[in-house]
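Listed here are the chains, written in short residue letters.
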Amino acid sequence: MKKLFIIPLLVILTQFSFGQVFNTGQTLKAKTFSVGFEPAVLINGSNEFMLFLHGGYGLRSGIDFGLNVGVLGPETYIGADVEFAIAKRISLAVGAHDFGVFGLDGTLNFTIPIKSGVRLFSGLDLDVNFTEPETQFLLWLPVGLDIGIKKNMSFILEAEIGLTDPAYHLIGGGLNFYF
């Protein structure tokens, strides 16, 4: 039965997404860090390829710091956030980014364990971009699957579905390493 659920989910994930989250609803343990890379496709009418690099560090129990860098041709996405555990499998991240325009980020993530080493995650991802003449509020629905390959490595497949205009979609997947 679970296999019948996972196959349609993977098909849906490959249809829409955005690579800013690349994170479950759980924080890193204190004094541990993670490094990940994620090729992604930005779906905004021109379907452009991006490459994201992700890093994280567990500051203390229930709090971690994340840094994300993405390259899209001559444009660069750079963002940083602090993530707080608010329950066992729920987290809230707040931060800032620059992708041609400065903005603030807020992400609420939750994780649902499917079986040992496989977790589904989702939530809401909000960007507030300070554009002229008015500020933009962009909202996404992230949906992802975190599959543990080894004790210190996982494959993450995610999609961010744009819910507001001009939010775009993004599909990405890559490896995350934990140290």
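See above for the structure.
From a predicted model like this one, the values you see are computed outputs, not experimental measurements. Residue indices follow the written sequence of each chain, beginning from 1 at its first position. With pLDDT at 70 or above as the cut-off, local features in this predicted model cover only qualifying residues; side-chain atom pairs require 80 or more to be listed or tallied, and sums for whole chains, interfaces and linings still use all residues. Side-chain measures were taken over the full set of non-hydrogen atoms in the model, leaving aside hydrogen atoms and water.

Ala 40, Leu 42, Met 50, Phe 52, Leu 72, Tyr 77, Phe 99, Leu 138, Trp 140, Ala 167, Tyr 168 and Leu 170 together form the largest nonpolar core, which totals twelve residues. Membership of the second largest hydrophobic core comes to five residues, among which are Val 118, Leu 120, Val 143 and Leu 145. In this text, buried Ala, Val, Leu, Ile, Met, Phe, Trp, Tyr and Cys residues form a nonpolar core when linked through side-chain atoms within 4.5 Å. Residue burial is assigned from relative accessible area. The probe radius is 1.4 Å, only protein chains are included, and a residue is buried under 20% of its type maximum, exposed over 50%, and partly exposed in between.

On the surface, Phe 33, Val 35, Tyr 57, Leu 59, Phe 65, Leu 67, Ile 78 and Phe 179 cluster together into a nonpolar patch covering about 710 Å² of accessible area. A run of H or I in DSSP counts as a helix once it spans at least four residues, and a run of E counts as a strand once it spans at least two, with each numbered from the N terminus. When contributions to the nonpolar patch are tallied by element, the ones reaching two or more residues are β1 (33-43), β2 (48-60) and β3 (63-72). Residue position: Leu 59 is located in strand β2. Residues enter a patch when their relative accessible area is above 30% and they make no salt bridge; the linking distance is 9 Å between like charges and 5 Å between nonpolar side chains (Val, Leu, Ile, Met, Phe, Trp, Tyr). Residue-level accessible areas treat just the shown protein chains as cover; the underlying method is Shrake-Rupley with a 1.4 Å probe. Throughout this description, the term salt bridge denotes a Lys or Arg side-chain nitrogen within 4 Å of a carboxyl oxygen of Asp or Glu.

Further remarks concern the pairing of strand β8 (residues 136-150). We treat two strands as partners when DSSP finds at least two bridges between them. One ladder, built from ten bridges, connects strand β7 (residues 118-129) with β8; its direction is antiparallel. Counted as the bridge partner of Phe 121 is Gly 144 from β8. Hairpin remark: β7 followed by β8, antiparallel, with six residues in the connecting loop. Of the strand pairs in this sheet, β8 and strand β9 (residues 153-162) are connected by ten bridges, and their pairing is antiparallel. In the strand pairing of β9, Ile 147 is matched with Phe 155.

The subject of this paragraph is the layout of surface pockets. Lining residues are defined by having an atom within 4 Å of a point belonging to a cavity or pocket. Those points lie on a 1 Å grid over the protein atoms alone, cavities being sets where a 1.4 Å probe fits but cannot get out and pockets being open sets with protein on both sides within 12 Å along at least five of seven lines. Grid points are joined across faces, edges and corners, and a volume is the space filled by probe spheres set on the points. Considering only enclosed or pocket space, the largest pocket measures out at about 890 Å³ in volume. Lining the largest pocket we find 44 residues, and of these Asn 23, Gln 26, Leu 28, Asn 176 and Tyr 178 sit closest to its centre. The greatest single-element share of the lining of the largest pocket, amounting to five residues, is contributed by strand β4 (residues 75-87). Classes in brief: Ala, Val, Leu, Ile, Met, Phe, Trp, Tyr, Cys and Pro nonpolar; Asp, Glu, Lys and Arg charged; the others, Gly included, polar. Considering only residue class, the lining of the largest pocket consists of 13 nonpolar, 21 polar and ten charged. There is about 170 Å³ of room inside the second largest pocket. Lining the second largest pocket are twelve residues, with Phe 99, Asn 129, Gln 136, Leu 138 and Tyr 168 sitting closest to its centre. Of all the elements in the fold, those that place two or more residues in the lining of the second largest pocket are β7 and β8. For the lining of the second largest pocket, a count of residues per class yields six nonpolar, five polar and one charged.

Right, let's get into the packing of aromatic side chains. Centre distance within 6.5 Å is the pairing criterion for rings of Phe, Tyr and Trp, where only the six-membered ring of Trp is used; planes under 30 degrees apart are then read as stacked, over 60 as edge-to-face, and the remainder as tilted. Within this structure, the stated rule accounts for five aromatic pairs. Ring geometry for Phe 52 versus Tyr 77: centroids 5.9 Å apart, planes at 70°, classification edge-to-face. Placement of Phe 52 in strand β2 and of Tyr 77 in strand β4 is noted, with a sequence separation of 25 residues between them. Take Phe 52 and Tyr 77: they sit in the same class, and that class is buried. Each ring, one from Phe 102 and one from Phe 130, has its centre 6.0 Å from the other, and the planes form 15°; the classification is stacked. Of this pair, Phe 102 sits in strand β6 (residues 102-115) while Phe 130 sits in the loop between β7 and β8, placing them 28 residues apart in sequence. Feature note: the residues Phe 52, Tyr 77 and Phe 99 constitute an aromatic cluster, connected by ring pairs.

As far as function goes, none of this settles anything; it's purely spatial.
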